[in-house]
Amino acid sequence: QREYPKQAPYFDIVQKRYEGMIEAKLKTLKPNNIRLQELQTLAQAYQISLCSNLPRRLLDQLSCLNELGFKPLHIFSTREVMLSKPDPAIYLKIARTLQVLPNKLIIMDATLNGIQASYLANAKGIYVAQHFETNSTIQEFSTAHTSHFSQVKTILDEWLKDRNG
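Residues numbered from 1 in each chain as written. Predicted model: local features only at pLDDT ≥ 70, side-chain atom pairs only at ≥ 80, totals over all residues. Heavy atoms only, no water.

1. Brief notes about the sheet that holds strand β4 (residues 124-128)
Move 1: Taken together, the three strands give an open sheet; going across it, the order is β3-β4-β5, and neighbouring strands pair in parallel fashion. Each of the sheet's edge strands pairs with one partner strand only, and the pair in question is β3 (106-109) and β5 (144-146). For this sheet the average axis-to-axis angle between neighbouring strands, irrespective of direction, equals 20°.
Move 2: When β4 meets β5, the two strands line up parallel, connected through three bridges. Residue pairing across strands places Val128 opposite Thr146, the latter belonging to β5.
Move 3: Packing of helix α5 (residues 112-120) onto the sheet brings it into contact with β3 and β4, and relative to β4 it is tilted by some 165°.
Move 4: Strands β3, β4 and β5 of the sheet are contacted by helix α7 (residues 152-164), whose axis makes an angle of about 155° with β4. (Pairing = 2+ DSSP bridges. Helix = DSSP H or I, 4+ residues; strand = E, 2+ residues; numbered from the N terminus. Axes fitted to C-alpha atoms, helices over the stretch in contact; angles between N-to-C directions. Contact = heavy atoms within 4.5 Å.)

Shown next, in the form of structure tokens:
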């Protein structure tokens, strides 16, 4: 899901139609099987919370959450803070909820807005190329970047190794 409400005047209309399709069960959200397997691998070693732009009521009823194979620590909606990324409010809320400093959070996102929000929250941002290839702007705001979700665990493991000496 892309986050361009300020750049696209039709964003709200498209978003409402998309949410209506989900509510009417005309659209079923299915996780990408490769990403799902990688998330399951990460969940074995790390605590994972999910964050989405969908309203909370839809997040709670998504059938794909049952297919994750693990229970997310928390599920957050950017609607809970009323500010879209690149505003860091959602990541600051996550840090408060988890009772950690924002610089202890590691954010994986496939959008420039999400990576900018992680930077502004003083969290570590990993850009996982999905919609766009990594460019100099993404490199400036991300702590790490990769073109494959499967490389995220390696990045995390290296950070832990460096931190633990």
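2. Section: α7
Move 1: Given a rise of 1.5 Å per residue, 13 residues ought to cover 18 Å, and the 18 Å separating the end C-alpha atoms of α7 matches this to within 8%.
Move 2: Residues of α7 that are buried include every one of Val152, Ile155, Leu156 and Trp159, and no others. Down the axis of α7, the smallest arc covering the buried residues is 95°, so these residues share one side. In this structure, α7 carries Lys161 and Asn164 as exposed residues pointing more than 90 degrees from its buried face. (Expected span 1.5 Å × (residues − 1). Buried < 20%, exposed > 50% of the residue type's maximum accessible area, 1.4 Å probe, protein only. Arc of directions from axis to C-beta.)

3. Observations concerning the packing of aromatic side chains
Move 1: Applying the stated criterion across every chain yields a total of one aromatic pair.
Move 2: Where Tyr119 meets Phe141, the ring centres are 5.0 Å apart and the plane angle is 90°; that geometry is what we call edge-to-face. Within this pair, whereas Tyr119 is found in helix α5, its partner Phe141 is found in helix α6 (residues 136-141), the two being separated by 22 residues in sequence.
Move 3: Overall, Tyr119 belongs to the partly exposed group, its relative accessible area being 46%.
Move 4: For Phe141, a relative accessible area of 18% gives the class buried. (Phe/Tyr/Trp six-rings, centres within 6.5 Å; stacked < 30°, edge-to-face > 60°.)

The quantities given are spatial measurements derived from coordinates; they are silent on function.
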